Amino acid sequence: MKKHLLAAAGAACLTVPSTASAAIITETLGITGSDYQLLFGDPSAAPADPTSIIFSVTFDNSANVAGTTTGLNIISATLPYAAEFAYSSGSDTLTLATNANPNSCGNPSESFCIFINNFSTAPSTTFVQQSTASGGFWTANSINISAVPEPATWAFMIFGFGAVGGAVRRQRRANVKVSYA
């Protein structure tokens, strides 16, 4: 009985929670942008290249969220600008920017903007931009986005693997038969 409880606990820890629409969600993502190209403006001040940002955000995705820092945690960033986020529930798009609005961002000098599509289900991005102090508007030609597990998620996964592994080892020991010839 104890073996079955450990195996069930391990399997439960390995289960990844699914995100339903209209719920409090938390997501931790890492985004890098590089190979910036000038779209318009003064090219005399080059942007930071490459750039990276790792952040987590928690909010209710059932409604639009205006530009805010509430629920936003910047874990690390090479972007030299302040950050906030906004969310559009209709398009499931999160905007991470210096001046964030649902589905848009201002582009004054010394700012950045990232659009993350399908945020609640399968986050992806094709737009990372920076505006430099000289007024140059630059976009990244190479963009990578990845989910970053929360420390608690890692702890649950390690516990789950340990519980399942321990149950398997105990089962193998119990099945070993000693024979005397």
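Residues numbered from 1 in each chain as written. Predicted model: local features only at pLDDT ≥ 70, side-chain atom pairs only at ≥ 80, totals over all residues. Heavy atoms only, no water.

Q: Tell me about the pairing of strand E6 (residues 93–97), and name the residues and values.
A: In terms of burial, E6 is largely enclosed, as five of its five residues are buried. Of the two faces of E6, the one holding Thr93, Thr95 and Ala97 and the one holding Leu94 and Leu96 are both buried throughout. Relative to E6, strand E5 (residues 84–88) runs antiparallel, the two being bridged by five bridges. Across the sheet, residue Ala86 finds its bridge partner in E6, namely Thr95. (Buried < 20%, exposed > 50% of the residue type's maximum accessible area, 1.4 Å probe, protein only. Helix = DSSP H or I, 4+ residues; strand = E, 2+ residues; numbered from the N terminus. Pairing = 2+ DSSP bridges.)

Q: So what about the packing of aromatic side chains? Which residues, and what values?
A: This model, assessed by the stated rule, comprises five aromatic pairs. With a centroid separation of 4.7 Å and an interplanar angle of 10°, the aromatic rings of Phe40 and Phe137 are classed as stacked. Of this pair, Phe40 sits in strand E1 (residues 24–40) while Phe137 sits in strand E11 (residues 137–147), and the two are 97 residues apart along the sequence. Since its relative accessible area comes to 46%, Phe40 is described here as partly exposed. Taking the centre distance of 4.8 Å and the plane angle of 50° together, the rings of Phe59 and Tyr87 count as tilted. With Phe59 in strand E2 (residues 51–60) and Tyr87 in strand E5, this pair connects stretches of sequence that are 28 residues apart. (Phe/Tyr/Trp six-rings, centres within 6.5 Å; stacked < 30°, edge-to-face > 60°.)

Q: So what's going on with empty space enclosed by the protein? Which residues, and what values?
A: One pass over the structure, following the stated rule, counts one cavity of 30 Å³ or more. Within this model, the largest cavity holds a volume of roughly 30 Å³. Along its surface, the largest cavity is lined by Ile31, Thr32, Gly33, Tyr36, Thr51, Ser52, Ile53, Leu79, Ile114 and Val128. Broken down by secondary-structure element, the contributors of at least two residues to the lining of the largest cavity are E1 and E2. A per-element tally of the lining of the largest cavity places E1 first, with four residues. Within the lining of the largest cavity, the residues separate by chemical class into six nonpolar, four polar and no charged. (1 Å grid on protein atoms, 1.4 Å probe; cavity = no way out; pocket = protein on both sides within 12 Å on 5 of 7 lines; lining within 4 Å. Points joined across faces, edges and corners; volume = space filled by probe spheres on them. Nonpolar A, V, L, I, M, F, W, Y, C, P; charged D, E, K, R; others polar.)

Q: Could you give me a rundown of the state of the cysteines, with the residues and numbers involved?
A: All chains considered together, the criterion is met by one disulfide. Shown here is the disulfide that connects Cys105 with Cys113, its sulfur atoms set 1.9 Å apart. Between Cys105 and Cys113, the disulfide has an S-S torsion of -105° and is therefore left-handed. Note on Cys113: relative accessible area 0%, which makes it buried. (Disulfide = S-S within 2.5 Å.)

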